[in-house]
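Analysis of the macromolecular model
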Amino acid sequence: MPHESGLTFRQHRQDRRRRFKLRTRTCLDGGGRWLGLKLSGARGSTGKHRIPYDEAPAHALTAEALDFVSDTLVRELRLTMPRPLVPVLSTDYKRVTLVDRAGKARLTCDTGLVCRGAGRLVPAYRGLVLLESKSADGKAAVDCTATSGPSRRFRPRWRLCPSPTSLRGS
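Conventions and cut-offs
- Residues numbered from 1 in each chain as written.
- Predicted model: local features only at pLDDT ≥ 70, side-chain atom pairs only at ≥ 80, totals over all residues.
- Heavy atoms only, no water.
- Helix = DSSP H or I, 4+ residues; strand = E, 2+ residues; numbered from the N terminus.
- Buried < 20%, exposed > 50% of the residue type's maximum accessible area, 1.4 Å probe, protein only.
- Contact = heavy atoms within 4.5 Å.
- Phe/Tyr/Trp six-rings, centres within 6.5 Å; stacked < 30°, edge-to-face > 60°.
- Lys NZ or Arg CZ within 6 Å of the ring centre and 35° of its normal.
- Pairing = 2+ DSSP bridges.
- Axes fitted to C-alpha atoms, helices over the stretch in contact; angles between N-to-C directions.

Residue position: threonine 72 is located in helix α2 (residues 63–77). Assessed through its relative accessible area of 2%, threonine 72 is described here as buried. When neighbours within four sequence positions are excluded, threonine 72 is seen to be in contact with Leu37, Leu39, His49 and Leu77.

Moving on, we come to the packing of aromatic side chains. Two numbers describe a pair of aromatic rings. These are the distance of the centres and the angle of the planes. All told, the structure shown has 0 aromatic pairs when counted by the stated rule. A cation sits over an aromatic face here: arginine 50 above tryptophan 34, 3.9 Å from the ring centre.

Let us look at the pairing of strand β5 (residues 105–117). Note: strand β4 (residues 90–99) against β5, 9 bridges, orientation antiparallel. Bridge pairing in β5 places aspartate 92 opposite valine 114. Here β4 hands over to β5 after 5 residues, with glycine 103 in that stretch at a positive phi of 75 degrees. Inspection of the sheet shows β5 paired to strand β7 (residues 130–135) by 6 bridges, in the antiparallel sense. Counted as the bridge partner of threonine 108 is glutamate 132 from β7. Two strands pair when backbone bridges link them, and β5 and strand β6 (residues 120–123) are joined in this way by 4 bridges, in the antiparallel orientation. Its bridge partner lying in β6, cysteine 115 is registered against valine 122. Between the end of β5 and the start of β6, which pair antiparallel, lie 2 residues, with alanine 118 showing a positive phi angle near 50 degrees.

Turning our attention to the sheet that holds strand β3 (residues 46–52). Taken together, 3 strands build an open sheet; the order of strands is β1-β2-β3 and the sheet is antiparallel. Both edges of this open sheet fall to β1 (19–26) and β3, since each of them pairs with a single strand only. Here the average twist between neighbouring strands, direction ignored, is 20 degrees. Summarising the sheet, β1 and strand β2 (residues 33–40) pair through 8 bridges and their orientation is antiparallel. Within β2, the position partnered with arginine 19 by the bridge is serine 40.

Structural data, given as structure tokens:
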């Protein structure tokens, strides 16, 4: 839920050191809705803060939510919360998360991705699986990218810098 002027988007694109991203997330299988605030601070630090949000609509901010966001931004980044904060993008998808046995890496697999915003509905390519890997050093077995072509081999991400790929259907 960025500021209506596009402030948070511009801060992200300009790689500003002190910025934030706010979102609600509803987990259909595990249950529950959360309001999450992701902070990017000095020297590349990242912090994640969240509160339960089960009783509130996903597209609106309650007084409690606004207090949480405002207090966290001031405490963690010394930023004043911009007003108003409004939803500008909604994404729907189905997610499966795989975690290695040691718990040091994970791979999320998203399918059925649909983005909604600015009066538009944009589905991803049919059959697309969006993969995201996370590990402490970026060199776990799951940190890889599928190559295009019939072989569908995987290559380690740190050796391959693919061009951005459109997620839009034709």
